[in-house]
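Residues per chain are reported as follows:
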Amino acid sequence: MSANPSTLASRTSGVATVKLLINGEFVDSTSTEWRDIVNPATQDVLARVPFATVSEVDAAIRAAHEAFRTWKNTPTGARMRIMLKYQALIREHMPRIAKTLSADQGKTIPDAEGDIFRGLEVVEHACSIGTLQQGEFAENVAGSVDTYTLRQPIGVCVGITPFNFPAMIPLWMFPMAIVCGNTFVLKPSEQDPMSTMELVELALEAGVPKGVLNVVHGGKEVVDALCMHELVKAISFVGSTAVGTHVYRLGSEHGKRVQSMMGAKNHAVVLPDANREQTLNALAGAGFGAAGQRCMATSVVVLVGASAQWLPDLVEKAKTLKVNAGSEANTDIGPVVSRAAQERILGLIEAGVKEGATLALDGRGIKVPGYEKGNFIGPTIFSDVTADMQIYRTEIFGPVLCVLSVPTLDDAIELVNRNPFGNGVGLFTQSGAAARKFQSDIDIGQVGINIPIPVPVPSFSFTGSRGSKLGDLGPYGKQVVQFYTQTKTVTARWFDDATVNDGVNTTISLR
Ligand code: NAD
């Protein structure tokens, strides 16, 4: 195991345990409820993670609340310099963290480095806080009156993250919250928290003061306690639609600001004039990369008109992908995260067969030599899929592509807009006019033109929409600066003449 010993400690059973971070100290939980962290390629138990007790959750929030008193007044430049150091440390330790991430999550080492890199970019962007957190100023809005805004931190913020990006998604959250002057309590996925903890440890090494960043582990009870605690001001959630909706409702009911990024069903629309080889490469990469466990993975391909004839080539392309443990060189597709996830995906494939879709490529029953116990599913392609089938309506979150054919671009746009999810969509074409029409008429928050996974860089924001999101403001970029701050507007009048006397005015101002 490659995790750093100060976040993981040996217990009597001989299996390492993941610690909590409370008020600057990595501490052993006193919980009686623990879960094994399992390597999805081997079923080896890598460590055990506690489900924190009510008093541990309370202690983490209170530490963050106390730290906010001083952290909120720390100058912007000092906060920025911690982020400058943090980005350098993440870059330096990326190979080690990628190994840990691949071991407990399952993704390939290069993809694990990509996971960390996309988070690192957010930390780099956090270094621009000096210009990102500026207010506005208008001079002389009335006689001798100026108006200006302050962008002030809000207090204790909470982050609840999913298993599929254990580096990128925590890094979407706490660096931007902290650099804005807030304090933070992170609740990583209980399935694969080890690389997240290594990133947290580096944040302390970069100079994040005690209490400013805290970590608790657990499931529903811990999440609910975070959503209801009186001292929590804002909650960032990324995960499934069912849990995200629950967190949004519970947090909102308790007066918190909440952003929930949730499930998806991302379509790729292919026009017959697209660059054929590039498009097939993109579909296979975005459909099967990370074993389909990306919220922006392509899960539906819509072949328009004559591009329906490309199906056999897509199947051939998918067959070239190598399924193996993420730690092995040249692997394209690693295992899915857990036995439960594997069983769920296999159940959905079975449902697709029963519903009458054509199994153009069957990834079930795949055996990987040396990793016979791994949760592997090979690339799977269904054709003749219709919009009423369960495999089309449900987020499968595995290496399964559903292929539909429609006559025209208008039909494709109508199909995509009828789907309740709104995370991402791609169009493959060489026609500028078709691309322009598509970007205008499609009702999806993130659009790729000849780009299969259009996740915006951190100087923009993640803008999934409709059923994929609750709350107005998305993660990272300028939107998250708004989310993690509150605007105070000051209207000020200064008199040149200390003896001025306007008399009593009982009307609302007439300027
Ligand atoms: P999940 O919803 O099961 O878990 C997310 C978090 O919620 C975890 O920290 C988990 O411990 C907690 N949780 C689980 N059950 C809970 C409950 N009943 N009550 C309260 N909290 C609970 O999601 P996951 O399986 O870890 O991640 C996969 C999902 O995340 C997919 O649906 C995927 O599309 C989505 N996702 C969305 C985005 C996005 O930006 N829209 C990004 C990544 C992942």
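Cut-offs used in this document
Residues numbered from 1 in each chain as written. Predicted model: local features only at pLDDT ≥ 70, side-chain atom pairs only at ≥ 80, totals over all residues. Heavy atoms only, no water. Helix = DSSP H or I, 4+ residues; strand = E, 2+ residues; numbered from the N terminus. Rg over C-alpha atoms; globule rule 2.2 N^0.38 Å. Buried < 20%, exposed > 50% of the residue type's maximum accessible area, 1.4 Å probe, protein only. Contact = heavy atoms within 4.5 Å. Areas by Shrake-Rupley, 256 points an atom, 1.4 Å probe, with all protein chains shown as cover. Near = heavy atom within 4 Å. Polar contact = N/O pair within 3.5 Å; in protein donor to acceptor, adjacent residues only side chain to side chain. Domains from an automatic or database assignment. Buried area = accessible area lost by both parts, 1.4 Å probe. Salt bridge = Lys/Arg side-chain N within 4 Å of Asp/Glu carboxyl O. Pairing = 2+ DSSP bridges. Axes fitted to C-alpha atoms, helices over the stretch in contact; angles between N-to-C directions.

**Some thoughts on the overall build of the protein**
Across its full length, the protein carries 15 helices and 24 strands. Its C-alpha atoms give the protein a radius of gyration of 25 Å, near enough to 24 Å, the size a compact globule of 511 residues would have. In terms of its C-alpha atoms, the protein occupies a principal-axis envelope of roughly 85 × 65 × 40 Å. Counting only residues that meet the buried cut, the protein has 56% of its 511 residues in that class. The contacts of the protein with a sequence gap of at least 6 include a subset with a gap of at least 24, amounting to 72%. Summed over all atoms, the accessible surface of the protein reaches about 21,100 Å², with 52% contributed by carbon and sulfur.

**A word on the site of the ligand**
What surrounds the ligand is a group of 28 residues, the closest being Thr 161, Lys 187, Glu 190, Ser 240 and Glu 395. In this structure, an oxygen atom belonging to the ligand sits 3.2 Å away from a main-chain N or O atom of Gly 239. Between the ligand and Ser 240, the relevant distance is 2.6 Å, taken from an oxygen atom to a side-chain nitrogen or oxygen of the residue. For the ligand, the protein covers 87% of the area, taking 840 Å² as the surface of the free molecule.

**Let's talk about the environment of Lys 72**
Inspection of the secondary structure assignment puts Lys 72 in the loop between helix 1 (54-71) and helix 2 (76-105). A residue is classified by how much of its surface remains accessible, and Lys 72, at 36% relative accessible area, is partly exposed. For the pair Lys 72 and Val 490, spaced 418 residues apart in sequence, the C-alpha separation works out to 19 Å. Apart from residues no more than four positions distant in its own chain, Lys 72 is found in contact with Arg 79, Pro 153 and Gly 181.

**Concerning the domain arrangement of the protein**
Looking at the assigned domains, one finds that the protein contains domain 1 (5-262 + 478-489) and domain 2 (266-449). Distance from the C-alpha centre of domain 1 to the C-alpha centre of domain 2: 31 Å. Across the contact, 17 residues belong to domain 1 and 23 residues belong to domain 2. For the domain 1 and domain 2 pair, buried surface summed over both sides reaches about 1,600 Å², with 57% attributable to carbon and sulfur atoms. Taken together, the connections running from domain 1 to domain 2 amount to 1 salt bridge. Residues Asp 111 and Arg 294 are paired through a salt bridge, measuring 3.0 Å at the closest nitrogen-oxygen approach. In this assembly, domain 1 and domain 2 are joined by 7 residue pairs in polar contact (both at pLDDT 80 or more). Those elements that provide at least two residues to the side of domain 1 that touches domain 2 are helix 2 and helix 3 (109-126).

**Re the sheet that holds strand 7 (residues 137-142)**
Spatially, the 3 strands line up as an open sheet ordered 7-8-24, and their pairing is antiparallel. Here the strands that pair on one side only, and so sit at the sheet edges, are strand 7 and strand 24 (485-493). Recorded for the sheet is a direction-independent mean angle of 30° between the axes of neighbouring strands. Pairing between strand 8 (residues 145-153) and strand 24: 9 bridges, direction antiparallel. Following the sheet pairing, Pro 153 is matched in strand 24 by Thr 485.

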